[in-house]
Amino acid sequence: MKINTVSTFPRIIKEATKYGIVSNAVKNKLININHFSLINDLSQGDRIDDEQYGIEPGMVLSYEKSYKLFKRIKTLNPNTKFIFTSPKGTKLTNDLAISLSSEKNITIVCGRYEGYDQRIIDEYCDLEVSIGDYVLTGGELAACVLIDSVARMIKGVVGNENSVTSDSLMESMLKGPVYTRPKIYRGKKVPNILLSGNHANIKKHLRKTSLVTTLKKREDLLENTKISLEESNQLKSIKKEIINKNIYIALVHYPIENIKGETIKTSLTNLDIQDIARSANTYGINKYFITHPVKEQRMLAEKVIQYWSNEKVRKNDNTKHSSIDKIILKNSLNSAIREIRAKHGVRPITIATDARMVHNMTSYSTLRDRILNIDKPVLIIFGTGWGLTKSTLESADYILKPVGGYYEYNHLSVRSAVAIILDRLLGCKF
Ligand SMILES: C[S@@+](CC[C@H](N)C(=O)[O-])C[C@H]1O[C@@H](n2cnc3c(N)ncnc32)[C@H](O)[C@@H]1O
C-alpha cells in the first residue's frame with residue numbers, strides 16, 4: 001500500500017513511523033510512506049493559513065495556497081483516496097481500518113488551526129476520519145493512528161496473523177485477560193485452564209472471558225456480536241446479578257394537566273393495568289404503582305387485578321398474567337414514594353416523563369448508566385391525560401426527554417411510552 005501524507009509538520013509522522021511493526025512494514029516494502037509538506041511550496045513570507053470569514057476567530061488553511069499541492073498529488077497518484085483527518089469525520093474503528101487496508105493508495109490529509117477551507121474538502125475529500133470525540137491541535141497524530149491501525153491489518157505486517165484476528169474489537173468483542181510466566185507470582189496464579197493443554201477447553205474459556213470482559217467494559221459492542229442463545233442467557237444472568245433491582249414505576253391519575261393546562265383527575269384505563277404490568281415485568285421493574293385519589297377508581301382497578309389474578313391461577317402461573325403481582329394501588333404519588341422510602345430507608349431518585357419539551361431534560365444515555373449501576377431505589381413517573389403537572393415535573397430529580405419520531409404528532413398512549421422508555425433505559429441490546 002502506498003500512503004501519502006499532507007501536513008504542516010511531516011516530521012511528527014516520520015518520527016512516529018520509525019519504530020516497531022510499522023517501520024518493519026516499510027523496510028519489507030509492505031507499505032510505502034511519502035510525506036508532503038503544506039509549507040514547502042510557499043514563497044518566502046507567505047502563509048498557508050488565513051483569517052476565517054464570518055464572526056468566529058481562528059485561522060483556516062487556504063484553498064488557494066494548498067490547491068497546487070493537492071493537484072500535484074492527484075496527478076502523481078490518480079487513484080489515490082484522499083482521507084481528511086477531522087473531528088467531524090466518521091469515527092475510526094477496527095472495521096474501518098480493515099476496510100482501508102485493502103486500498104492500494106491513500107492520502108492522509110492533516111489540518112491545523114480551524115482546518116481546511118471547505119472548498120478544498122469538497123473538491124478532494126473521499127472520506128473524513130475522526131480518531132475520537134476530542135479535538136487535537138493538528139492532524140499529524142491522527143495520521144499516525146490511522147497509519148498504525150491500517151498497517152497492522154495488511155497481510156504480512158504483523159508476523160502471526162492470529163494475534164490480529166484474536167485482538168480486541170475483532171468481531172465486536174474485547175479480548176479477555178492474558179497472562180505470561182511465571183505461573184505463580186506473589187501468590188497470584190494464572191487460571192489453571194490456561195495451563196491444562198486442553199485446546200478445546202482453552203478455546204471455550206477464552207471465548208467466555210472475552211464475552212464477559214465485553215459485557216463489563218463495553219456492553220454496547222455486544223449489539224453487533226454474533227452470540228449463541230446459550231451465551232446470551234449466560235451474559236444476561238451475569239448482568240442481572242449486578243444491576244439495580246430497585247427500580248419502580250408509577251402511573252399518576254392526579255394531579256394531571258388537561259389540554260387547557262388545568263389540574264384534573266383522569267379516569268383509570270383498563271388496558272394500562274395489565275399492559276404496563278407486563279412491560280414492568282419484562283424490564284425487571286420491582287413494583288408498578290397505580291396512583292388514584294378516588295376510592296371507586298381504585299376499587300375498579302382492584303376488580304380488574306382480581307380478574308387477572310384468577311386467570312393467573314387458572315392458567316397455572318406460567319403465563320403473561322404473572323405480571324399482575326407487580327401492581328400496587330396507592331391513593332397518591334407521595335404515598336408510593338413513602339412506601340419505597342420505608343422499604344429502603346432512603347427516598348427514591350425520581351424521574352419524571354413528559355411528551356412535551358421542557359427545560360433541563362435529561363438524555364436516556366445519561367440516565368441508563370446511572371440508574372442501572374446505582375445502589376439506591378429509583379422511581380420513574382408516568383402521567384396520563386395531557387401529562388404530569390408542572391409542579392410534579394419540577395419536584396422530580398430528573399425529567400426525561402420525550403420519546404417519539406421526527407413529526408409534530410406525539411400522542412403515544414402511556415402504555416406505549418412506558419414500553420419504549422423502559423427499553424431505552426433498561427433494555428438488553430444483545
Ligand atoms: C483544531 S482542529 C480543527 C477543529 C475544528 N475547528 C472543528 O471544530 O471541527 C485542527 C486539525 O486537527 C485534526 N484533528 C483534530 N481533532 C481530530 C480528531 N478527533 N480526529 C482526527 N483529526 C483531528 C484535523 O486535521 C483538524 O483539521
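Just so we're clear, the structure is a prediction, and the values are computed from it rather than from any experiment.

Student: With reference to specific residues and values, describe the overall build of the protein.
Tutor: When helices and strands are tallied, the protein shows 16 helices and 18 strands. Along the longest, intermediate and shortest principal axes, the C-alpha atoms of the protein span 90 × 65 × 40 Å. Scored against the burial criterion, the 430 residues of the protein give a buried share of 28%.

Student: Which residues make up the environment of S413, and what are the values?
Tutor: Among the secondary structure elements, S413 is positioned in the loop between β18 (398-400) and α16 (414-426). Considered as a pair, S413 and D272 are 141 residues apart in the sequence and their alpha carbons are 9.0 Å apart.

Student: So, the site of the ligand: which residues are in play, and what are the values?
Tutor: In the vicinity of the ligand, 19 residues are found, and the nearest of them are T85, G111, G115, G139 and A142. Top element by residues in the shell around the ligand is strand β5 (residues 81-91). It accounts for four residues. Residue composition of the shell around the ligand, by class: seven nonpolar, nine polar and three charged.

Student: Go over the environment of K189, please, and point to the residues and values.
Tutor: Mapped onto the elements, K189 comes out in strand β9 (residues 188-189). Taking the C-beta count within 10 Å as the criterion, K189 has 11 such neighbours and is therefore assigned exposed. As a C-alpha pair, K189 and G387 span 198 residues in sequence and 58 Å in three-dimensional space. Non-local contacts of K189, meaning those with residues more than four positions away in its chain, are made with K183 and I184.

Student: If you had to explain the sheet that holds strand β15 (residues 349-353) to someone new, which residues and values would you point to?
Tutor: Taking strand neighbours across the sheet as the criterion, the seven strands line up as β14-β13-β10-β17-β15-β18-β16 in an open arrangement whose pairing is parallel. Edge positions in the sheet fall to β14 (327-330) and β16 (361-362), since each of these pairs with one other strand and no more. Against the sheet, helix α11 (residues 270-282) engages β10 (247-252), β13 (288-291) and β14, with an angle of about 155 degrees to β13.

Student: Help me get a handle on the sheet that holds strand β7 (residues 127-130), residues and values and all.
Tutor: Here five strands make up an open sheet; going across it, the order is β2-β1-β6-β5-β7 and the pairing parallel. With one partner strand each, in any of the chains shown, β2 (32-37) and β7 form the two edges of the open sheet. When the angles between neighbouring strand axes are averaged without regard to direction, this sheet yields 30 degrees. Lying on the sheet, helix α3 (residues 63-76) is in contact with β1 (2-7), β2 and β6 (105-109); it crosses β1 at an angle near 175 degrees.

Student: I'd like a rundown of the domain arrangement of the protein, residues and numbers included.
Tutor: The domain boundaries assigned to the protein delineate domain 1 (2-163), domain 2 (184-241) and domain 3 (244-426). A straight line from the C-alpha centre of domain 2 to that of domain 3 covers 36 Å.

Student: Please set out the packing of helix α14 (residues 364-373) against α16 residue by residue, giving values where relevant.
Tutor: The interhelical angle for the contact between α14 and α16, taken along N-to-C directions, is 70 degrees, at an axis separation of 8 Å. By the criterion of interaxial angle, the relationship of α14 to α16 is roughly perpendicular. Along its contact with α14, which presents Y364, L367, R368, I371 and L372, the element α16 presents R424, L425 and L426. In terms of residue class, the contact of α14 with α16 is made up of six nonpolar, no polar and two charged.

Student: Hey, could you go over the nonpolar core for me, with residue numbers and the actual values?
Tutor: Counting residues in each nonpolar core, the largest one holds 40 residues, and the members touching the most others are Y248, I249, A250, Y288, I381, F382 and V418. Counting residues per element, this core draws most heavily on α16, at seven residues. Those residues in contact with I249 that lie beyond four places of it in its chain are A280, I285, Y288, I380, F382 and V418. If you look at the next biggest cluster of nonpolar residues, it comprises 36 residues, including F84, V109, V129 and I131.

Student: Go over the pairing of β6 with me, naming the residues and quoting the values.
Tutor: In terms of burial, β6 is a largely internal element, four of the five residues being buried. Here β1 runs beside β6; their pairing, made up of five bridges, is parallel. By the bridge assignment for β6, K2 is matched with N105. Bridging between β5 and β6 involves four bridges; their strand directions are parallel. Opposite I83, over in β6, you have I108 as the bridge partner. For the crossover from β5 across helix α4 (residues 94-100) to β6, the handedness is right-handed.

Student: Tell me about the packing of helix α9 (residues 199-217) against helix α10 (residues 229-242), residues and numbers included.
Tutor: Angle between the axes and distance between the axes: these two values describe a pair of packed helices. Between α9 and α10, the least distance of the axes is 11 Å, while the angle of their chain directions is 45 degrees. As far as their axial angle goes, α10 and α9 are oblique. Helix-helix and strand crossings are classified by hand; for α9 and α10 the assignment is right-handed. Within the contact between the two elements, α9 uses L211, V212 and L215 and α10 uses E231, L235, I238 and K239.

Student: Break down α16 for me, with residues and values.
Tutor: Note: α-helices contain 3.6 residues per turn, so residues at a spacing of three or four share the same orientation. With 13 residues, α16 ought to run about 18 Å at 1.5 Å a step, and its terminal C-alpha atoms sit 17 Å apart, in line with that. Looking at α16, one finds that the buried residues are V414, A417, V418, A419, I421, L422 and L425. Elements in contact with the buried residues of α16: β10, α11, β15, α14, β17 (378-382) and β18.

Student: Hey, could you go over unusual backbone geometry for me, with residue numbers and the actual values?
Tutor: The peptide bond linking R181 to P182 adopts the cis configuration, its omega dihedral lying at 0 degrees. In this structure, P182 sits in the loop between α7 (161-165) and β8 (184-185). If you check the backbone angles, Y113 has positive phi at about 50 degrees while not being a glycine. Along the polypeptide, Y113 turns up in the loop between β6 and α5 (118-124). You can call Y113 partly exposed: it has 16 C-beta atoms within 10 Å. Positive phi outside glycine occurs at S172, with the angle close to 55 degrees. Inspection of the secondary structure puts S172 in the loop between α7 and β8.

The rules behind each value
- Residues numbered from 1 in each chain as written.
- Predicted model: local features only at pLDDT ≥ 70, side-chain atom pairs only at ≥ 80, totals over all residues.
- Helix = DSSP H or I, 4+ residues; strand = E, 2+ residues; numbered from the N terminus.
- Buried ≥ 20, exposed ≤ 12 C-beta atoms within 10 Å, placed from the backbone.
- Near = placed C-beta within 6 Å.
- Nonpolar A, V, L, I, M, F, W, Y, C, P; charged D, E, K, R; others polar.
- Contact = placed C-beta atoms within 7 Å.
- Pairing = 2+ DSSP bridges.
- Axes fitted to C-alpha atoms, helices over the stretch in contact; angles between N-to-C directions.
- Domains from an automatic or database assignment.
- Parallel < 35°, antiparallel > 145°, perpendicular 65-115°, else oblique.
- Core = buried A, V, L, I, M, F, W, Y, C linked by C-beta atoms within 7 Å.
- Right-handed = clockwise from strand over helix to strand, strands pointing away.
- Left-handed = near helix turned anticlockwise from the far one by under 90°.
- Expected span 1.5 Å × (residues − 1).

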